[in-house]
Amino acid sequence: MSAMSIPVSGMNAAMTRLEVSASNIANSSTRGIVPATPASQPIPTVAVGGGPQVYQALDAVQTAISGHDTHSGVAVRAEPRLPSYSEEYEPSAPYANADGFVAAPNVDPLRETVEQVSAVQGFEASVAVFRASDAMIVSLLKTID
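What counts and what doesn't
Residues numbered from 1 in each chain as written. Predicted model: local features only at pLDDT ≥ 70, side-chain atom pairs only at ≥ 80, totals over all residues. Heavy atoms only, no water. Helix = DSSP H or I, 4+ residues; strand = E, 2+ residues; numbered from the N terminus. Rg over C-alpha atoms; globule rule 2.2 N^0.38 Å. Phe/Tyr/Trp six-rings, centres within 6.5 Å; stacked < 30°, edge-to-face > 60°. Buried < 20%, exposed > 50% of the residue type's maximum accessible area, 1.4 Å probe, protein only. Expected span 1.5 Å × (residues − 1). Contact = heavy atoms within 4.5 Å. Pairing = 2+ DSSP bridges. Core = buried A, V, L, I, M, F, W, Y, C linked by side-chain atoms within 4.5 Å.

Draft legend 1. Structural detail: the overall build of the chain. Within the chain, the regular secondary structure consists of 2 helices and 4 strands. In the chain, the order of α-helices and β-strands from amino to carboxyl end is α-β-β-β-β-α. Rg of the C-alpha trace for the chain: 21 Å, well past the compact-globule value of 15 Å for 145 residues, more than 25% over. In terms of overall dimensions, the chain has C-alpha extents of about 80 × 30 × 20 Å along its principal axes.

Shown next as structure tokens:
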């Protein structure tokens, strides 16, 4: 097990969290047809009805990795955010349903801003741990020499 695996996994996790959040913000203004599935389920990968598909917002789910034979640290995976969309009244949209609604992604700019700040702080903390580990290894090598 490498002494650097924990801070490196933390930096990778922070970058993934930032990428997921940036994708959510970049696609937050997309609108599409209301999916055939309820908002409590992920949006189907293929739009039904011939109109544009609404963006499926994602959540970065972080989990701890620990083991004696494997590297320790954290891992992040992107999962569909639920509810997956909300309906907005936009009767002039060519892809609005019969009631005049379109689907909008479940993206809250404030939530995404907090996630991005948290990811940056997590990255900075992992860098600090990496530097401290490096300094300890250098100090150890100097004492052995």
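Draft legend 2. Representation of the packing of aromatic side chains. Using the criterion set out here, one finds 1 aromatic pair in the structure. Between Tyr-89 and Phe-101, the ring centres sit 5.5 Å apart and the planes meet at 65 degrees, which makes this aromatic pair edge-to-face. Pair noted here: Tyr-89 is in strand β3 (residues 85–89) and Phe-101 is in strand β4 (residues 101–105), with a separation of 12 residues, a long-range link. A residue is classified by how much of its surface remains accessible, and Tyr-89, at 58% relative accessible area, is exposed. A relative accessible area of 26% places Phe-101 in the partly exposed class.

Draft legend 3. Geometry of helix α1 (residues 5–26). Between its terminal C-alpha atoms α1 stretches 31 Å, which fits the 32 Å expected from 22 residues at 1.5 Å a residue. Taken together, the buried positions of α1 are occupied by Ser-5, Pro-7, Ser-9, Gly-10, Met-11, Ala-13, Ala-14, Arg-17, Val-20, Ser-21 and Asn-24. The inward-facing, buried residues of α1 abut β1 (58–65), β2 (73–80) and α2 (109–144).

Draft legend 4. Examining the pairing of β4 more closely. Counting buried residues along β4, 4 of its 5 residues qualify, which places the element largely inside the surrounding structure. Relative to β4, β3 runs antiparallel, the two sharing 5 bridges. Its bridge partner being in β4, Glu-88 is matched across the sheet by Val-102.

Draft legend 5. Seen up close, the environment of Thr-16. Structurally, Thr-16 can be placed in helix α1. Judged by its relative accessible area of 27%, Thr-16 is partly exposed. Placed 62 residues apart in sequence, Thr-16 and Ala-78 show a C-alpha to C-alpha distance of 8.4 Å.

Draft legend 6. Looking closely at the nonpolar core. Judged by nonpolar contacts, Val-34, Ile-43, Val-54, Tyr-85 and Ala-103 together constitute the single largest core of 5 residues. If sequence neighbours within four positions are ignored, Ala-103 has contacts with Thr-30, Arg-31, Gly-32, Ile-33, Val-34, Pro-35, Val-54, Tyr-85 and Ser-86.

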